[in-house]
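Structural overview for review
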Amino acid sequence: MFPSCVVGGSRTTVPLVTRCFQQQQQFRYGLKTASAAARFLRTGTCVGQFDSFGGVRDDRFGSFRSYTSANTGSSCLKMTGAAKKYQTVERGAQNSTDYRVFFKTEEGQSVSPLHDIPLYANDAKTVYNMVVEVPRWTNAKMEISLAEGLNPIKQDVKKGKLRFVANCFPHHGYIWNYGALPQTWENPDHLDPNTGCKGDNDPIDALEIGSRIAKRGEVVQVKILGTVALIDEGETDWKVITIDVNDPVADQLNDVNDVDKVFPGLLKATVEWFKIYKIPDGKPENQFAFNGEAKDAAFATKVVEETHKFWRTLINKEIEDTGISCLNTTVEGSPYLVASDAAEEVLAKSANGGNSEPQSDAIDKWHYITLK
């Protein structure tokens, strides 16, 4: 039984085993007819996105299920139903301490990006949601605000000033799309046996290494490739390496060893970036567990699963006094669950308007670091 493929308003019957994913942009910009779609699908590479009726979807927010191509044996991802889409609401002036990015569902319900967006984007738990805090090549240190209700994204502040990461030659700003995996928490009371250090009280960080520059507040579906273990001021700070499942080369990356094959030099640059990025602020080099070696996807997946379990203890109030607001609108059984109107009040009370601060010239400055 073959699914029917919808492209440009036309429907055609195509084999399930396709290479839809790698060139999905062609559905938007080049394939206008059913015959063109059929030709494209017959040549296809790894991820076919199908709705529940078998139609191909050009949709970034679906949930996926793994399956294997009978012809190639390659591991593929199949959409099994549409996951929720999210929209962002900006409050306050950008480049100010009042600036916030709140999240809503497509239906307009306010949600917390930390608690209400699910960690897993598919039933098989092989694809993950990632909340983008910092787009690639930018310097503003944006982060999910843990202490505030609904956990909006805001810019970090140090000594009363907005924080920007320095450009440490040859790296400009963040060198990947940087963000967090929702519904995770690095427990500061848990001594990690792998690193010998406790968690940093944050959601687990994710680096998305694909070709597209994401938008602040975007929720991207990613697969995990590996992780590095930064030791940040004595705390374990996992950095999970991921790639957008819709990236043109995502089918070529399934584990950490694939990263050097497809993006030679990126893993080395990643370790170097984290090692030196605080030096211009007068701090010493950051250290790593495992001598900076990146661990594989299986290892990283277990780390994420563990932090997800820690988050459950947090959202269920088994652990208190963490300084983290657990206000949410969707987590059934959570003592912190509130009605939609209460969540709207939180958003309504946030600052609106205001003035942006002057852009600092330091953002464009290069720092040349000599490693010891």
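An unreviewed UniProt entry annotates the protein as inorganic diphosphatase originating from Aedes albopictus. Annotation of the protein in UniProt includes, under Cofactor (unreviewed entry), the sentence "Mg(2+)". Looking at the protein in UniProt, the text filed under Sequence similarities (unreviewed entry) is "Belongs to the PPase family."

Now for the packing of aromatic side chains. This structure, assessed with the given rule, holds 15 aromatic pairs. Consider the rings of Tyr120 and Tyr128, whose centres lie 5.3 Å apart with planes at 45°: the pair is tilted. Residue Tyr120 is classed as buried on the basis of its relative accessible area, which comes to 17%. Geometrically, the ring pair formed by Trp273 and Phe274 is edge-to-face, given 5.1 Å between the ring centres and 80° between the ring planes. Of the residues examined, Phe274 reaches a relative accessible area of 1% and is grouped as buried. Among the aromatic side chains, those forming a connected cluster through ring pairs are Tyr174, Trp176, Tyr178, Trp273, Phe274 and Tyr277. Lying over the aromatic face of Trp137, Arg136 brings its terminal NZ or CZ to 5.8 Å of the ring centre.

So, about the layout of surface pockets. Within this model, the largest pocket holds a volume of roughly 540 Å³. Among the secondary structure elements, those contributing two or more residues to the lining of the largest pocket are β9 (142-144), β18 (235-244) and α4 (266-276). Residue contributions to the lining of the largest pocket peak at 3 residues, all from β18. A per-class count over the lining of the largest pocket returns 9 nonpolar, 2 polar and 16 charged. Taken as a whole, the second largest pocket spans an internal volume of roughly 450 Å³. Classifying every residue of the lining of the second largest pocket gives 8 nonpolar, 3 polar and 6 charged.

Right, let's talk about α4 for a bit. Across the 11 residues of α4, 8 count as buried, placing the element largely inside the fold. For α4, the full list of buried residues reads Leu266, Leu267, Ala269, Thr270, Val271, Trp273, Phe274 and Ile276.

Enumeration over the complete set of coordinates arrives at 2 cavities of 30 Å³ or more. Computed from the structure, the largest cavity encloses a volume of approximately 80 Å³. Lining the largest cavity, in full, are Trp185, Glu186, Asn187, His190, Asp192, Gly199, Thr236, Trp238, Val303, Glu306, Thr307 and Phe310. Looking at the lining of the largest cavity, the elements that each hand over two or more residues are β18 and α5 (297-315). If you tally residues by element for the lining of the largest cavity, the top one is α5, at 4 residues. Its residues assigned to classes, the lining of the largest cavity comprises 4 nonpolar, 5 polar and 3 charged.

Note the cis peptide between Phe169 and Pro170, where omega equals 5°. Mapped onto the elements, Pro170 comes out in the loop between β13 (167-168) and β14 (177-180). Despite not being glycine, Asn201 has its phi angle at roughly 70°, a positive value. The residue Asn201 is located in the loop between β15 (198-199) and β16 (205-208) in this model. You can call Asn201 buried: its relative accessible area is 19%. Here the phi dihedral of Phe290 falls at roughly 60°; this positive angle occurs in a residue that is not glycine. Relative to the elements of secondary structure, Phe290 occurs in the loop between β19 (287-288) and α5. Phe290 gets classed as partly exposed once you look at its relative accessible area, which sits at 24%.

So, how was this worked out
Position numbers for residues count from 1 along each chain, tracking the sequence in the order it is written. pLDDT decides what is reported in this predicted model: residues at 70 or higher carry local features, side-chain atom pairs at 80 or more are listed and counted, and totals for whole chains, interfaces and linings draw on all residues regardless. Note: side-chain values were computed over all heavy atoms of the structure, leaving out hydrogens and water. UniProt positions are given in the numbering used here, feature names are shortened, and annotations may be inferred rather than shown by experiment. Planes of paired rings set the category: under 30 degrees apart is stacked, over 60 is edge-to-face and the rest tilted, where pairs are Phe, Tyr or Trp rings (Trp by its six-membered ring) whose centres lie within 6.5 Å. Working definition: with a 1.4 Å probe on protein chains only, accessible area under 20% of the residue-type maximum means buried, over 50% means exposed, and in between means partly exposed. In this scheme, the term charge over a ring applies when either NZ of a lysine or CZ of an arginine sits within 6 Å of the ring centre and within 35 degrees of the ring normal. Here a cavity means grid points, on a 1 Å grid over the protein atoms only, where a 1.4 Å probe fits yet cannot get out; a pocket means an open set of points with protein on both sides within 12 Å along at least five of seven lines; lining residues are those with an atom within 4 Å of a point. Grid points are joined across faces, edges and corners, and a volume is the space filled by probe spheres set on the points. Where helices and strands are cited, they refer to DSSP runs of H or I of at least four residues and of E of at least two residues respectively, numbered from the N terminus. For this classification, Asp, Glu, Lys and Arg are treated as charged, while Ala, Val, Leu, Ile, Met, Phe, Trp, Tyr, Cys and Pro are nonpolar and the rest, including Gly, are polar.

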